[in-house]
Amino acid sequence: MKQPIPVILALAAGALNVFAFAPFGYWLLQIGCTALLLLLVMQAPCTRRAAVLGWLYSFAWTCAGVHWLYISLHDLGGMPAWLTVLAIALLALGLGLLVGAATGGARWLQRRWQSGNTVTLLLVLPALWTLAEWTRSWIFTGFPWLSTGYAHADSPLAGYAPLLGVYGVGWVAAVIAAATANLALVRQSWQSRPTVLLIVVLPIAALLIAGQLLRGIAWTQPYGKPITVRLLQGNVPQAMKFDPSALGSTLGLYDAMITHMPADLIATPETALPVVQQMLPPEYLPRLAAFARNSGSHVLLGMPISDRPADYTNGLIVLDPTDRITSTLPDTIYRYDKHHLVPFGEFIPAGFRWFVDTMNIPLGDQTRGARLQTPFAVKDQWILPNICYEDLFGEEIVAQMRWRGRYGVPMPTMLLNISNIAWFGNTIALPQHLQISQMRTLETGRPMLRATNTGATAIIDARGNIEAQLPYYTQGTLAASVQGYQGTTPFIRYGNSAIVAVTVAMLAVAALPALARRFRARA
């Protein structure tokens, strides 16, 4: 191939890959695009070019997938357009280095270990690809949006999620893509069809069939009685949300929506109350607490919480039927404080104050909550909340579940996410975040309740199916009866350590022939 053609193909495949994710859902496209990239990598003349192809593929994939950041940074944040485009491009280039390291590293190991194409494709490349995605989940606090596995929340490969999590699903998808690329490489050997079937076609079929069969396994079981829930979607425009002149209408809106009808759990979105409790009207919280007490409802309020001046968290509180409060919050009230904060939006990385100062984003430098926090009880169900961006980090969610289970405290039976995705407009960010929540339910075998400002407000069952959802950018309430689940999936027990161990084992197997040759040479 001439040099520009692989570059163009890598960029095109990366950009097209976004259509494999929500709201489009063409999951086969994810496998096809990855297979094309791996084929280009295997045909690259040197390690450096293999790394560049992976880097460019990831760059185009990220730019196409998170272009909606432009809305939060420029349209709402006021950052200059040129700096916004540059910031998104630099983010995509930075994340692309991990994929580039995986593709270039695979070719470097192929030469060092003198491995054949089949070993490199089926063992080395999927392992390094998965390690790159896992690294992206924690390096510089992590940005695992659009990880490969999310494209398969509704595909046969979703069956692997309770075993190995989203990165395990991505690893299986990478193996299938690698086998597909290998099929193209061995096309000259079609006279040996039994061999081709054994090393290429059968692994693809086996992995797809096994995934579909795994989807039929019930890892968790119903627990207790269903609870009634009301999830509120206020649809408050982001441009007005933190405007002091709009505070009264926002508080009145949620007061009316909350007190309209009782339920076992009534949940508002992230920062539904956009000011700390000290700035609320003195009668506001006591009035809602009285409603909770008189109606037997648990009222969850998303709001910033301040314990001292210049120190606040992005949090939530739950007013239960036993609470008797004044305008201040008692120590006995349930609260959850967001732990995994968004860089630049919720905390300022060292040396980047200048960057944040180019925007007009409120609540920009927050205090982290504790890494491990308790669920709260609604009747006989135990609900573990997370706030917006935290939903991307399945390892952190199951770590909290394991922690509760080890000390005799009931393990959560439901998950709950409150979010405000209005920062990204009516874009593909909303269904993408909903798809992320689907993966969390698959990993844990727990239903997920989602209360958001503009969408996606939804109820997802323990099998990852969306049972009910409000239309985006509408004001409304989603009411339903939801059943909690108990039990432990392998992913709850082992988290990401299982798939990391699998990938390391694959690399060890690929290295064995080279180690054996070296041992014989020394003997």
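A. Main features of the overall build of the protein chain. Along its length, the protein chain carries 16 helices and twelve strands. Against the globule reference of 24 Å for 523 residues, the protein chain gives a C-alpha radius of gyration of 25 Å, in line with a compact fold. Reported as C-alpha extents along the three principal axes, the dimensions of the protein chain are approximately 80 × 50 × 45 Å. Burial statistics for the protein chain: of 523 residues in total, 56% are counted as buried. Contacts spanning at least 24 positions in sequence make up 73% of the contacts within the protein chain whose residues lie at least 6 apart. If you sum the accessible surface of the protein chain, you get close to 20,800 Å²; carbon and sulfur atoms cover 65% of it.

B. Quick look at the packing of aromatic side chains. Applying the stated criterion across every chain, the model contains ten aromatic pairs. Cluster of aromatic residues (ring-pair linked, three or more members): F21, Y57, W61 and W129. Of note, R136 hangs over the ring of W61, and the distance from its end group to the ring centre comes to 6.0 Å. Against the face of F242 rests K241, its NZ or CZ located 5.9 Å from the ring centre.

C. How the structure looks around helix α11 (residues 284–295). For α11, with twelve residues, the first-to-last C-alpha span of 17 Å sits near the 16 Å given by 1.5 Å per residue. Among the structural elements, α10 (247–259), β2 (265–267), β3 (298–308) and β4 (311–319) are those in contact with the buried residues of α11. Where α11 terminates, the next one or two residues include G296, which has phi positive at roughly 70°.

D. View of the sheet that holds strand β1 (residues 221–233). Across the sheet, which stays open at both edges, the six strands sit in the order β5-β4-β3-β2-β1-β12 with mixed pairing between neighbours. Since the sheet does not close on itself, it has two edges, and those belong to β5 (334–337) and β12 (476–486), each with one partner. This sheet shows a mean twist of 35° between the axes of neighbouring strands, independent of strand direction. Two strands pair when backbone bridges link them, and β2 and β3 are joined in this way by three bridges, in the parallel orientation.

E. Local environment of helix α6 (residues 117–136). Over its 20 residues, α6 extends 27 Å from the first C-alpha to the last, a length consistent with the 28 Å expected when each residue adds 1.5 Å. At V124, α6 shows its largest kink, close to 35°, and the proline P126 lies no more than four residues downstream. Buried residues dominate α6, accounting for 16 of its 20 residues.

F. Up close: the side chain of S147. Of note, S147 is situated in the loop between α6 and α7 (161–185). Residue S147 is classed as buried on the basis of its relative accessible area of 0%. A polar contact is formed between the side chain of S147 and the backbone oxygen of P144, at a distance of 2.8 Å. In this view, S147 contacts F21, E133, R136 and Y167; residues no more than four positions away in its chain are not counted.

G. Representation of a nonpolar patch on the surface in the model. Taken together, the side chains of L16, F19, F24 and Y26 present a nonpolar region at the surface, about 380 Å² in accessible area. As for its position among the elements, Y26 is in the loop between α1 (4–16) and α2 (27–43). With relative accessibility at 52%, the residue Y26 sits in the exposed group.

H. Local environment of the pattern of salt bridges. One pass over the full model with this rule turns up eight salt bridges. In this structure, the salt-bridge partner of E395 is R402, at a minimum N-O distance of 3.8 Å. A salt bridge links E443 to R440; the shortest N-O distance between them is 2.8 Å. Here the residue E443 and the residue R440 both occupy positions in helix α14 (residues 429–444), the gap between them amounting to three residues, near one helical turn. What makes E443 buried here is its relative accessible area of 1%.

I. Here's a closer look at the pairing of β3. Buried residues dominate β3, accounting for nine of its eleven residues. Relative to β4, β3 runs antiparallel, the two sharing nine bridges. Counted as the bridge partner of R308 is D311 from β4. Here β3 folds back onto β4 in antiparallel fashion, the turn holding two residues, of which A310 has a positive phi close to 60°.

J. Geometry of the sheet that holds strand β11 (residues 466–469). Spatial strand order, β6-β7-β8-β9-β10-β11: six strands in an open sheet with mixed pairing. In the strand order of this sheet, the two ends are held by β6 (376–378) and β11, each with one partner. Going from strand to strand, the sheet's axes swing by 25° on average, the running direction of each strand aside. α14 contacts β8 (414–419), β9 (448–452), β10 (458–460) and β11 of the sheet and is inclined by roughly 160° relative to β9.

K. Focus on the nonpolar core. Of all hydrophobic cores here, the largest spans 113 residues; its most connected members are L265, L300 and L449. Tallying contributions element by element places α7 first for this core, with 16 residues. Contact partners of L265, with chain neighbours within four places excluded, come to T228, V229, R230, H298, L300, F376, V378, I383, L416 and L449. Ranked by size, the runner-up nonpolar core spans 28 residues in total, among them Y254, I258, L273 and V299.

So, how was this worked out
- Residues numbered from 1 in each chain as written.
- Predicted model: local features only at pLDDT ≥ 70, side-chain atom pairs only at ≥ 80, totals over all residues.
- Heavy atoms only, no water.
- Helix = DSSP H or I, 4+ residues; strand = E, 2+ residues; numbered from the N terminus.
- Rg over C-alpha atoms; globule rule 2.2 N^0.38 Å.
- Buried < 20%, exposed > 50% of the residue type's maximum accessible area, 1.4 Å probe, protein only.
- Contact = heavy atoms within 4.5 Å.
- Areas by Shrake-Rupley, 256 points an atom, 1.4 Å probe, with all protein chains shown as cover.
- Phe/Tyr/Trp six-rings, centres within 6.5 Å; stacked < 30°, edge-to-face > 60°.
- Lys NZ or Arg CZ within 6 Å of the ring centre and 35° of its normal.
- Expected span 1.5 Å × (residues − 1).
- Pairing = 2+ DSSP bridges.
- Axes fitted to C-alpha atoms, helices over the stretch in contact; angles between N-to-C directions.
- Bend = angle between axes of the 7 residues up to and from the residue.
- Polar contact = N/O pair within 3.5 Å; in protein donor to acceptor, adjacent residues only side chain to side chain.
- Patch = residues over 30% accessible without salt bridge, like charges linked within 9 Å, V, L, I, M, F, W, Y side chains within 5 Å.
- Salt bridge = Lys/Arg side-chain N within 4 Å of Asp/Glu carboxyl O.
- Core = buried A, V, L, I, M, F, W, Y, C linked by side-chain atoms within 4.5 Å.

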